[in-house]
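What follows is each chain in one-letter form.
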Amino acid sequence: MNEGLDDEPDDERRFQEALRSLRVWDTELPGFDPADVPEEPVALFHGWFIEAVAAGAVEPHTMTLATVDGDGRPDARIVMLHGADARGWHFASHAGSAKGRQLAARPEAALTFYWPAQGRQVRVRGRVAAGTREEAYADLHARTTGALASALVGHQSEPLGSLGELADASAAAWERALQEPDAHAESWTPYVVEPEEVEFFQGDERRRHVRLRYRRNPSGWTRELLWP
């Protein structure tokens, strides 16, 4: 018991050493001229996303989704982008999950993409709309057998009794997904964040970061620069 306690200060020291050893943007970063951008943010996002993929970004389609619970406390997790178009940024989840319940009660969210090799972030804020059952079916069956099996397991965010219980449920779901590729998870729901604000952040090795924000107005989009 005492040996474990004695290890804690050493672990803290190693943590601090590891933390201080890290460097950010010590390589040449791409430029960004905010005077030469599209009129609306999705087109610029498409371009930045394609460049992130070409630069070898790891999982560039993952993003942080932030919601608010019934007590007004923020909540965040990593989810996968399913599309970005004139309507907004798309993802999907179970309606009964924590994020699904939070979005049903307060349909607003924020998204953050981070592509560190290029020093770039994209931040999106807006209202969230849920899709139809038909859209949910199409979304789920455009993906892999594993994605279908995971959705068929269900019970997302519910307490789990044991890892063995999860293994059994997962095995049964995989078997069903293989035998019934047209099966549907009834709680599976597509969502779209309809943006009111979109910010593009380009990091700079001398910390002269460029921040460009699009803000929706009745006639389209207004663009403005922000101090870093």
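Just above sits the structure.
An account of the accompanying structure is given in this report. None of these values were measured; they are calculated from a predicted model.

**Here's the deal with the pairing of strand E6 (residues 120–130)**
Line of reasoning, step 1. Pairing of strand E5 (residues 108–115) with E6 involves eight bridges; the strand directions are antiparallel. Residue pairing in the sheet places tyrosine 114 in a bridge with glutamine 121 of E6.
Line of reasoning, step 2. What sits between E5 and E6 in their antiparallel hairpin is a turn of four residues, with glycine 119 showing a positive phi close to 65°.
Line of reasoning, step 3. Sheet analysis places E6 next to strand E7 (residues 188–202), joined by 11 bridges and oriented antiparallel. Bridge pairing links valine 128 to valine 193 in E7.

**What about helix H4 (residues 133–141)?**
Line of reasoning, step 1. Where H4 is concerned, the buried positions are Ala136, Asp139 and Leu140. Buried residues of H4 fall within an arc of 95° about the axis and therefore sit on the same side.
Line of reasoning, step 2. For H4, the elements touching its buried residues are strand E4 (89–94), helix H5 (145–153) and E7.

**Overview of a nonpolar patch on the surface**
Line of reasoning, step 1. Judged by side-chain polarity, Phe15, Leu19 and Leu22 come together as a nonpolar surface patch covering roughly 320 Å² of accessible area.
Line of reasoning, step 2. Here leucine 22 lies in the loop between helix H1 (2–21) and helix H2 (41–54).

**Details of the nonpolar core**
Line of reasoning, step 1. Counting 30 residues, the largest nonpolar core has Phe45, Trp89 and Val122 as the members making the most contacts within it.
Line of reasoning, step 2. For this core, the secondary-structure elements that each account for two or more residues are H2, strand E1 (62–68), E4, E5, E6, E7 and strand E8 (210–217).
Line of reasoning, step 3. Considering each element in turn, this core owes the most residues, five residues, to H2.
Line of reasoning, step 4. In this structure, phenylalanine 45 is in contact with Leu81, Ala84, Trp89, Phe113, Trp115, Val122 and Phe200, ignoring residues within four places of it in sequence.

What counts, and at which threshold
- Residues numbered from 1 in each chain as written.
- Predicted model: local features only at pLDDT ≥ 70, side-chain atom pairs only at ≥ 80, totals over all residues.
- Heavy atoms only, no water.
- Pairing = 2+ DSSP bridges.
- Helix = DSSP H or I, 4+ residues; strand = E, 2+ residues; numbered from the N terminus.
- Buried < 20%, exposed > 50% of the residue type's maximum accessible area, 1.4 Å probe, protein only.
- Arc of directions from axis to C-beta.
- Contact = heavy atoms within 4.5 Å.
- Patch = residues over 30% accessible without salt bridge, like charges linked within 9 Å, V, L, I, M, F, W, Y side chains within 5 Å.
- Areas by Shrake-Rupley, 256 points an atom, 1.4 Å probe, with all protein chains shown as cover.
- Salt bridge = Lys/Arg side-chain N within 4 Å of Asp/Glu carboxyl O.
- Core = buried A, V, L, I, M, F, W, Y, C linked by side-chain atoms within 4.5 Å.

So far we have only geometry, and geometry alone does not tell us how the molecule works.
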